[in-house]
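Inside the fold
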Amino acid sequence: MLGVDPPEHTRYRKLLTGKFTVRRMQQLSDHVADITTTHLDAMESAGGPVDLVEVFAFPIPALVICELLGVPYHDRDFFQQHVAAAVGGADHSMEARGAAFAAVQDYLRGLVLAKRNAPTDDLLSDLTGTDLTDDELSGIGTLLLGAGLDTTANMLALGTAALLTHPDQLAELRNDPETTDRAIEELLRYLSIAHTSARTALTDVELDGQLIKKGETVAVSIQAANRDPAKFHEPDTFDIGRSAVGHLGFGHGVHQCLGQQLARVEMRVALPALVRRFPTLRLAVPVADIPLRHGLDIYGAHELPVTW
Ligand code: HEM
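Attention here is on the structure that accompanies the text. These numbers come from a predicted model, not from an experiment. (Residues numbered from 1 in each chain as written. Predicted model: local features only at pLDDT ≥ 70, side-chain atom pairs only at ≥ 80, totals over all residues. Heavy atoms only, no water.)

Here we look at the coordination of the iron atom of the ligand
Of the protein atoms, Cys257 (SG) alone serves as a donor to the iron atom of the ligand, at 2.3 Å. Of note, cysteine 257 is situated in the loop between helix H12 (222-226) and helix H13 (260-277). (Donors = N, O, S within 2.8 Å, 3.2 Å for Na, K, Ca; no water. Helix = DSSP H or I, 4+ residues; strand = E, 2+ residues; numbered from the N terminus.)

Okay, structure coming up:
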């Protein structure tokens, strides 16, 4: 889906857009709040220090996307491991990434066949009622599962780290619920975890004096756009008081993120709930020791040790 142009892309996008509307995603808000409360309760009774990725940032979006798609959550170890290898960047060869991707797709293909035979109340079952083929459906399922897991999880982890290292901003978010929406947009801008995108020119294009010839591929830096001083005042400053509207954290144009409303609901619910439940939350290691995800398609943290 990410790699095809209209009209092929339009066909997929039309089938999916109605399932991810603002209204539909906001209806999920109470459910996301319940899932968040359960995880915060477990975290509190376990006691710190904990790895926030393991107990909070990964399981919340994983549960939400699994329920939405109709993917059994108990298979999470399998797909978490393979999704991680598929986006494995410099740590994995292209062959290893391809094999991991194929394994997730095979898994989804099996699930699609099962849903065709016995539909359940979820998105994959819904989509079996369209003219999408099994291959198309398992491809879309793989993209949604991967995109739904890896992105929001890293925003929750890295977003928490950003807040913990900017106590004044953290205090504002904790004390004033009105700041939530702006804080989330600013985190999306400032962190730009989906940092790079690629496009191929269909005709010769001149951009800012630079000729890009037909057929040439361009790597686009979303991070650079989100730190453009012509667009954002003091762009390297994390400031939840600013309006970050117009940031490119979810991309731009026909491929702009399909799941952005879902991601927003998850972040708007989970992050304030975390910082309010644990007023003394802090990093359990020096910032420099947080194992960051270098060389991967999605930036983030492998682990985030915190205590309170
Ligand atoms: C904070 C979390 C997220 C971020 C930062 C993010 C970022 C992005 C970006 C930058 C793109 C555009 C890529 C490009 O143009 O090359 C994109 C596309 C996409 N995202 Fe997200 N995403 C997030 C969450 C999600 C979630 C939760 C889902 C699924 C439910 C999702 C599903 C998709 C899909 C299907 C596309 C491809 C859309 C198309 O090609 O028409 N994303 N995302």
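Points about the nonpolar core
Counting residues in hydrophobic clusters, the biggest one holds 79 residues, and the most contacted among them are Phe56 and Leu187. If we ignore the near neighbours within four places in the chain, the residues touching phenylalanine 56 are Thr36, Leu40, Pro61, Leu156, Ala270 and Leu274. (Core = buried A, V, L, I, M, F, W, Y, C linked by side-chain atoms within 4.5 Å. Buried < 20%, exposed > 50% of the residue type's maximum accessible area, 1.4 Å probe, protein only. Contact = heavy atoms within 4.5 Å.)

Notes on the packing of helix H7 (residues 94-117) against helix H9 (residues 134-164)
As a packed pair, H7 and H9 sit with axes 8 Å apart at the nearest point and diverge in direction by 120°. With respect to H9, the element H7 is oriented oblique. In this structure, H7 meets H9 at a crossing whose hand is right-handed. Contacts between H7 and H9 pair Phe101, Val104, Gln105, Leu108, Arg109, Val112, Leu113 and Arg116 from the former with Asp134, Asp135, Leu137, Ser138, Gly139, Gly141, Thr142 and Leu145 from the latter. (Axes fitted to C-alpha atoms, helices over the stretch in contact; angles between N-to-C directions. Parallel < 35°, antiparallel > 145°, perpendicular 65-115°, else oblique. Left-handed = near helix turned anticlockwise from the far one by under 90°.)

Overview of the side chain of serine 138
Position of serine 138 relative to the elements: it lies in helix H9. At 3.1 Å, the side chain of serine 138 forms a polar contact with the backbone oxygen of aspartate 135. Setting aside residues up to four positions removed in sequence, serine 138 forms contacts with Gln105, Leu108, Arg109 and Val112. (Polar contact = N/O pair within 3.5 Å; in protein donor to acceptor, adjacent residues only side chain to side chain.)

Quick word on the packing of aromatic side chains
What the rule picks out here adds up to four aromatic pairs. Ring plane angle 45° and centroid distance 5.3 Å describe the contact between phenylalanine 78 and tyrosine 107, whose orientation is recorded as tilted. On the criterion of sequence distance, the pair formed by phenylalanine 78 in helix H6 (residues 76-86) and tyrosine 107 in helix H7 is long-range, its members being 29 residues apart. Note on tyrosine 107: relative accessible area 16%, which makes it buried. (Phe/Tyr/Trp six-rings, centres within 6.5 Å; stacked < 30°, edge-to-face > 60°.)

With respect to the site of the ligand
As a structural note, the neighbourhood of the ligand is formed by 30 residues, with His9, Ser197, Arg199, His255 and Cys257 the closest of them. Between the ligand and arginine 13, the relevant distance is 2.7 Å, taken from an oxygen atom to a side-chain nitrogen or oxygen of the residue. One nitrogen or oxygen atom from the side chain of histidine 255 is found 2.7 Å from an oxygen atom belonging to the ligand. Of all the secondary-structure elements, those providing two or more residues to the shell around the ligand are helix H1 (8-17), H9, strand S2 (196-200) and H13. The dominant element in the shell around the ligand, judged by the number of residues it contributes, is H9, at seven residues. (Near = heavy atom within 4 Å.)

Take it as geometry only, folks, not as evidence of what the structure does.
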